[in-house]
Amino acid sequence: MSLKKTKRYIALVLAGVCALGLVGCSSSNEEETPAVDYNSMSLEELISAAQGEGKVHSVGMPDTWANWVETWTELTDLYGLEHTDLDMSSSEEIAMFKEEGKDGTKDIGDVGQQWGPVAEEEGVTLKYKTSYWDEIPDWAKDDDGDWIVGYYGTIAIITNNDLVADAPESFADMLEGDYKVTIGDVSSAAQAQHAILATAYAMGGDMDNLQPAYDFWNTLAEQGRLDVGETSVARIENGEIEVCLLWDYNALGYRDNAVANNPNASFTVCIPSDGSVQSGYCTIINKNAPNPAAACLAREYILSDEGQINLAKGYATPIRDVELPAEVEEKLIDRSQYGDNVKSIDYDKWTDVCQEIISYWQENIIPAIQ
């Protein structure tokens, strides 16, 4: 299954991490069960233990992503926790936790949803459910708290209103248009690969039937309407992109950044009405964290009302149903657009599906463009 392939990939990444000197690559990877059950602690006891540690070291949770900066600032202001982050990919985070073993130097990481079960399988996670456990959907957590989704994104359409008269609201609309649609590099970009899956659902397919998506993109390629260039904010600001498929939090962030630099710019961002997909990011706590109580408290805060609002300020969709301040809500897409047509992803299948998408794209779509 995909887990085996992903574990082999982690082994390759781990070798690369060692070569780069990012971690002390010793042969020891002994694992020990934590002596303290943090799930049995009261919040007051957890806070006290975290304050005794006084710091929290994260990976893959930089200030500029999903507005993590406010969460880290508030953890410092409220509890006196000093914070550092080392930005890494999901696979590199798991590889570091695994290789450092009981000599772990990092406490908590943020990984793509598909990587949560991998981290659990690799034996690098500390189980902590938080007091918000019952409010987390089943699809967004494992049984024991090895990983918990804190926020998620949904594939959305962003349209430059100065270049396109009628902003598309669906994949069907895009098929009828006369503008170019930008998707990015399907061969390497996870966002673009998820956009292909979203197309399949919108056009009547699913994870087991991607042909409707292939037909859609073949049509655009044959019409000369497919742009596989970079899906960057710079290209959007420069008017190089007419219509683009992005995670909603990226689309909203790019829109606001472009308007901030050019107040006359105008963009429409929406969830395709005929179908889309959503995918989350989950926290994993290092089984050998040097500051385990602080890591558990960080997860607790991330899932609190305040932490969820911070993520929404970064345009992400909070995993809990929290009431957002009006000024935050108005920057987001209306919740009515996130209906039954937005599908969760079976990540047990995703690696194989993703490889199929990449192979078809390289063998059929790219030649059609050329």
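Structural data are supplied above this passage.
A brief structural summary. Predicted model, so just to flag it, every value in this text is computed and none were measured. Every chain is numbered independently, its residues counted from 1 as its sequence is written. Only residues with pLDDT of 70 or above have their local features reported here, since the model is predicted, and side-chain atom pairs are shown and tallied only from 80 upward, although totals for entire chains, interfaces and linings are computed over all residues. Excluded from the side-chain calculation are hydrogens and water; included are all heavy atoms of the structure.

Notes on the overall build of the protein chain
Our working definition: The secondary structure listing takes helices from DSSP runs of H or I that are at least 4 residues long and strands from runs of E that are at least 2 residues long, numbered from the N terminus. Summary of the burial criterion: residues with accessible area below 20% of their type's maximum are buried, those above 50% are exposed, and those between are partly exposed, where the area comes from a 1.4 Å probe applied to protein chains only. Two residues form a contact once any of their heavy atoms are found within 4.5 Å. Per-residue and other accessible areas follow the Shrake-Rupley method at a 1.4 Å probe size, with only the shown protein chains counted as cover for residues. Residues counted as positive are Lys and Arg, residues counted as negative are Asp and Glu, and His and the chain ends are not counted. For the purpose of locating charges, the reference atoms are NZ of Lys, CZ of Arg, CG of Asp and CD of Glu.
Summing up its helical and strand segments, the protein chain has 14 helices and eleven strands in all. Oriented by its inertia axes, the alpha-carbon framework of the protein chain measures out at about 60 × 45 × 35 Å. Within the protein chain, buried positions represent 54% of all 370 residues. Counted over contacts in the protein chain with a minimum sequence separation of 6, partners at least 24 positions apart contribute 77%. Summing over all exposed atoms, the protein chain offers an accessible surface of approximately 15800 Å²; the carbon and sulfur share of this is 45%. Positive and negative side-chain charges of the protein chain, numbering 23 and 65 respectively, have mean locations separated by a distance of 5 Å.

So, the side chain of K141
As a reminder of what qualifies: What counts as a salt bridge is simple: a side-chain nitrogen of Lys or Arg found within 4 Å of a carboxyl oxygen of Asp or Glu. Polar contact criterion, stated in full: a pair of N or O atoms within 3.5 Å, where within protein one must be able to donate a hydrogen and the other to accept it, and residues adjacent in sequence count only if both atoms are side-chain atoms.
Turning to its location among the elements, K141 is positioned in the loop between helix 5 (116–121) and strand 4 (148–160). Buried charge without a salt bridge: K141, with D138 as the nearest opposite-charge side chain at an N-O distance of 4.1 Å. Of the polar contacts made by the side chain of K141, one reaches the backbone oxygen of W133; its length is 2.8 Å. Contacts of K141, omitting those with residues within four sequence positions, involve W133, D134, I136, W147 and I148.

Examining a negative patch on the surface
Spelled out, the test is: Distance thresholds for patches are 9 Å for like charges and 5 Å for nonpolar side chains (Val, Leu, Ile, Met, Phe, Trp, Tyr), applied to residues having over 30% relative accessible area and no salt bridge.
Among the surface-exposed residues, E120, D138, D143 and D144 lie close enough to one another that they form a single negatively charged patch. Along the chain, E120 falls in helix 5. With a relative accessible area of 31%, E120 lands in the partly exposed category.

What to know about the pairing of strand 1 (residues 55–59)
The cut-off we apply is this: If DSSP finds at least two bridges between two strands, the strands pair. Call a crossover right-handed when, viewed with both strands pointing away from you, the route from the first strand across the helix to the second goes clockwise.
Counting buried positions along strand 1 yields four of five residues, so the element is predominantly enclosed. Summarising the sheet, strand 1 and strand 2 (residues 82–86) pair through five bridges and their orientation is parallel. The residue bridging V56 from the neighbouring strand is H83, located in strand 2. Traced from strand 1 through helix 3 (residues 68–79) to strand 2, the parallel crossover comes out right-handed. Note: strand 1 against strand 3 (residues 108–112), two bridges, orientation parallel. Across the sheet, residue S58 finds its bridge partner in strand 3, namely I108.

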